[in-house]
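Results of the structural survey
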Amino acid sequence: QVQLVESGGGLVQAGDSLRLSCVASGLIFSDYTMGWFRQAPGKQRELVADITSGVGSTIYADSVKGRFTISRDNAKNTVYLQMNSLKPEDTAVYYCAARLRIWRYWGQGSQITVSS
């Protein structure tokens, strides 16, 4: 059974930093592209960043480029999202996900609220 468990969310002020972690189990972690998505109230879920297996190529949403960094530690089956210079518009539920071809596995979500 595949499980993705996020941690590290919370309430912060604008300009603060936060790091999300997602620990995966039940899959060969190093084979999967890992991603972070977010969904704000009344909005569609959007891809924030992802990191491929192998060389670990990354992509970012334009709204977070230069502020967020995704990384992975295959030895720990963990993917991270370092978020700096947080803005109120970053407020959302953040989800960890894993894919080979499609985003098949999802975490339960972690709420991040950024106050102004």
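The preceding data block contains the structure.
Throughout what follows, the structure given in this document is the object of discussion.

1. Re the overall build of the chain
Along the chain, the regular secondary structure elements total zero helices and eleven strands. Helices (α) and strands (β) of the chain occur, in sequence order from the N terminus, as β-β-β-β-β-β-β-β-β-β-β. By the compact-globule yardstick of 13 Å for 116 residues, the chain fits well, its C-alpha radius of gyration being 13 Å. Judged by the C-alpha coordinates and their principal axes, the chain covers about 40 × 25 × 25 Å. Here the chain holds 116 residues, and 40% of them are scored as buried.

2. What to know about the pattern of salt bridges
Going through the model one piece at a time under the given rule, you end up with four salt bridges. Ionic pairing is found between Lys 65 and Asp 62, a salt bridge with its closest N-O pair at 3.1 Å.

3. Quick look at the nonpolar core
Core analysis: the largest hydrophobic core is formed by 29 residues, its most contacted members being Met 34, Trp 36, Val 79, Leu 81, Met 83 and Tyr 94. For this core, the secondary structure elements donating two or more residues are strand S3 (18–25), strand S4 (33–39), strand S5 (46–51), strand S7 (68–73), strand S8 (78–83), strand S9 (92–99) and strand S11 (110–115). Ignoring sequence-local partners within four residues, the contact set of Val 79 consists of Leu 20, Ser 21, Cys 22, Phe 29, Met 34, Trp 36, Ile 51, Ile 70, Ser 71, Arg 72 and Cys 96.

4. Considering the packing of aromatic side chains
Across all of its chains, the model carries three aromatic pairs by this definition. Seen from their ring centres, Tyr 32 and Tyr 105 are 6.1 Å apart, and the 55° between their planes marks the pair as tilted. Taken together, the residues span a long stretch of sequence, with Tyr 32 in the loop between S3 and S4 and Tyr 105 in strand S10 (residues 103–106) at a distance of 73 residues. Taken individually, Tyr 32 and Tyr 105 each receive the classification buried, so the pair is uniform in this respect. Counting every residue linked through ring pairs, the aromatic cluster contains Phe 37, Trp 103 and Trp 106. Taking NZ or CZ as reference, Arg 45 lies 3.9 Å from the ring centre of Tyr 95, over its face.

5. Remarks on the sheet that holds strand S1 (residues 3–7)
Overall, antiparallel pairing links the four strands, which are arranged S1-S3-S8-S7 in an open sheet. Each edge of the open sheet carries a strand with a single partner, namely S1 and S7. This sheet shows a mean twist of 15° between the axes of neighbouring strands, independent of strand direction.

6. Overview of the environment of Glu 6
As for its position among the elements, Glu 6 is in strand S1. Along the primary structure Glu 6 and Tyr 95 are separated by 89 residues, whereas in three dimensions their C-alpha atoms are 7.4 Å apart. Each residue touching Glu 6, except ones within four places of it in the same chain, is listed here: Ser 21, Cys 22, Trp 36, Tyr 94, Tyr 95, Cys 96, Gly 107, Gln 108, Gly 109 and Ser 110. A polar contact is formed between the side chain of Glu 6 and the backbone nitrogen of Cys 96, at a distance of 2.7 Å. Only 2.9 Å separates the side chain of Glu 6 from the backbone nitrogen of Gly 109, close enough to count as a polar contact.

7. Examining the state of the cysteines
Per the counting criterion, the structure on display carries one disulfide. Between the sulfur atoms of Cys 22 and its disulfide mate Cys 96 the distance is 2.1 Å. Its torsion about the S-S bond being -75°, the disulfide of Cys 22 and Cys 96 is classed as left-handed. Here Cys 22, found in strand S3, pairs with Cys 96, found in strand S9; they are 74 residues apart in sequence, far enough to count as distant. Assigned by exposure class, Cys 22 and Cys 96 land together as buried.

Definitions and limits used
Residues numbered from 1 in each chain as written. Predicted model: local features only at pLDDT ≥ 70, side-chain atom pairs only at ≥ 80, totals over all residues. Heavy atoms only, no water. Helix = DSSP H or I, 4+ residues; strand = E, 2+ residues; numbered from the N terminus. Rg over C-alpha atoms; globule rule 2.2 N^0.38 Å. Buried < 20%, exposed > 50% of the residue type's maximum accessible area, 1.4 Å probe, protein only. Salt bridge = Lys/Arg side-chain N within 4 Å of Asp/Glu carboxyl O. Core = buried A, V, L, I, M, F, W, Y, C linked by side-chain atoms within 4.5 Å. Contact = heavy atoms within 4.5 Å. Phe/Tyr/Trp six-rings, centres within 6.5 Å; stacked < 30°, edge-to-face > 60°. Lys NZ or Arg CZ within 6 Å of the ring centre and 35° of its normal. Pairing = 2+ DSSP bridges. Axes fitted to C-alpha atoms, helices over the stretch in contact; angles between N-to-C directions. Polar contact = N/O pair within 3.5 Å; in protein donor to acceptor, adjacent residues only side chain to side chain. Disulfide = S-S within 2.5 Å.

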